[in-house]
Amino acid sequence: QVRLVESGGGLVQAGDSLTVSCYASVATFSTYTMAWFRRAPGSEREFVARIIWSGATLYADAVKGRFTISRDNTKNTVFLQMDNLKPGDTAVYFCAASQSVFAMRSETFTSWGQGTQVTVSS
């Protein structure tokens with residue numbers, strides 16, 4: 001089990017940018033697949049983006065071209081840079097970790113953070 005702590009959420013206006021971060025307490029962070037999910041009010045948790053050990057990334061269609069996931073293995077941290085935010089991006093954003101390079105569905109991630117709220121006003 002990996003302890004994950006998100007930070008950086010907040011209230012922004014439509015069109016603004018925001019970066020959320022997730023620190024992982026694990027010695028072998030560089031080998032983990034890291035991902036961001038989000039859960040909007042009244043909705044199911046949904047996949048946002050994923051980055052594997054090599055730096056290869058994958059994005060949900062809804063955020064492709066606007067969001068960028070990255071990692072700094074020297075700081076055990078994964079980032080989600082969110083540009084051109086829309087009110088529909090309002091959600092609690094969760095960081096997740098998996099030892100599988102194939103992980104993408106939420107049930108394939110074994111460790112989760114507590115979430116950070118991102119609210120986008122119109």
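Whatever comes next refers back to the structure up there.
From a predicted model like this one, the values you see are computed outputs, not experimental measurements. (Residues numbered from 1 in each chain as written. Predicted model: local features only at pLDDT ≥ 70, side-chain atom pairs only at ≥ 80, totals over all residues. Heavy atoms only, no water.)

A.B. asks: Looking at this structure, how should I read the nonpolar core?
C.D. replies: One broad trend across soluble globular proteins is that nonpolar side chains are buried collectively. Formed by 36 residues in total, the largest nonpolar core has its most connected members in Met34, Trp36, Val78, Leu80, Met82 and Tyr93. When contributions to this core are tallied by element, the ones reaching two or more residues are strand 3 (18–25), strand 4 (33–39), strand 5 (45–51), strand 7 (67–72), strand 8 (77–82), strand 9 (91–98) and strand 11 (116–121). Take this core: its biggest share by element is five residues, from strand 9. Excluding anything up to four places from it in sequence, Leu80 contacts Leu18, Thr19, Val20, Trp36, Val48, Ala49, Phe67, Thr68, Ile69 and Tyr93. (Core = buried A, V, L, I, M, F, W, Y, C linked by side-chain atoms within 4.5 Å. Buried < 20%, exposed > 50% of the residue type's maximum accessible area, 1.4 Å probe, protein only. Helix = DSSP H or I, 4+ residues; strand = E, 2+ residues; numbered from the N terminus. Contact = heavy atoms within 4.5 Å.)

A.B. asks: For this particular structure, what's the right way to read the pairing of strand 11?
C.D. replies: A regular strand carries its side chains on alternate faces of the sheet. On strand 11, burial follows the alternation: Thr116, Val118 and Val120 on one face are buried, whereas Gln117, Thr119 and Ser121 on the facing-out side are not. Pairing between strand 2 (residues 10–13) and strand 11: four bridges, direction parallel. Bridge pairing in strand 11 links Leu11 to Thr119. Pairing between strand 9 and strand 11: three bridges, direction antiparallel. Bridge pairing links Tyr93 to Thr116 in strand 11. (Pairing = 2+ DSSP bridges.)

A.B. asks: Hey, could you run me through unusual backbone geometry in this one?
C.D. replies: Note: most peptide bonds trans; most residues except glycine with negative phi. Phi is positive for Asn76, close to 50°, though the residue is something other than glycine. With respect to the helices and strands, the residue Asn76 is situated in the loop between strand 7 and strand 8. One non-glycine residue with positive phi stands out, namely Asn84, at about 50°. Looking at the secondary structure, you find Asn84 in the loop between strand 8 and strand 9.

A.B. asks: Looking at this structure, I do not really get the side chain of Thr116. What am I missing?
C.D. replies: On the secondary structure map, Thr116 appears in strand 11. Here the side chain of Thr116 touches Gly9 through a polar contact of 3.1 Å, landing on its backbone nitrogen. Filtering out sequence-adjacent residues up to four positions away, Thr116 remains in contact with Glu6, Ser7, Gly8, Gly9, Val20, Ala91, Val92 and Tyr93. (Polar contact = N/O pair within 3.5 Å; in protein donor to acceptor, adjacent residues only side chain to side chain.)

A.B. asks: Can you help me understand the pairing of strand 7 in this one?
C.D. replies: Side-chain alternation along strand 7 places Phe67, Ile69 and Arg71 on a buried face and Thr68, Ser70 and Asp72 on a face that remains uncovered. Relative to strand 8, strand 7 runs antiparallel, the two being bridged by six bridges. Bridge pairing in strand 8 links Ile69 to Leu80. In textbook terms, the turn of a hairpin is the stretch between consecutive antiparallel strands, and for strand 7 and strand 8 this stretch comprises four residues, one of which, Asn76, has a positive phi near 50°.

A.B. asks: When you look at the state of the cysteines in this model, what are you seeing that I'm missing?
C.D. replies: By definition, a disulfide links the sulfur atoms of two cysteine residues through a covalent bond. Summed over the entire model, instances satisfying the criterion amount to one disulfide. A disulfide bridge connects Cys22 with Cys95, and the sulfur atoms are separated by 2.1 Å. Because the sign of the S-S torsion sets the handedness, a value of about -80° for the bond joining Cys22 and Cys95 places this disulfide among the left-handed ones. Here Cys95 lies in strand 9 and Cys22 lies in strand 3, a separation of 73 residues in the sequence. Judged by relative accessible area, Cys22 falls into the buried class, the value being 0%. We classify Cys95 as buried; its relative accessible area is 0%. (Disulfide = S-S within 2.5 Å.)

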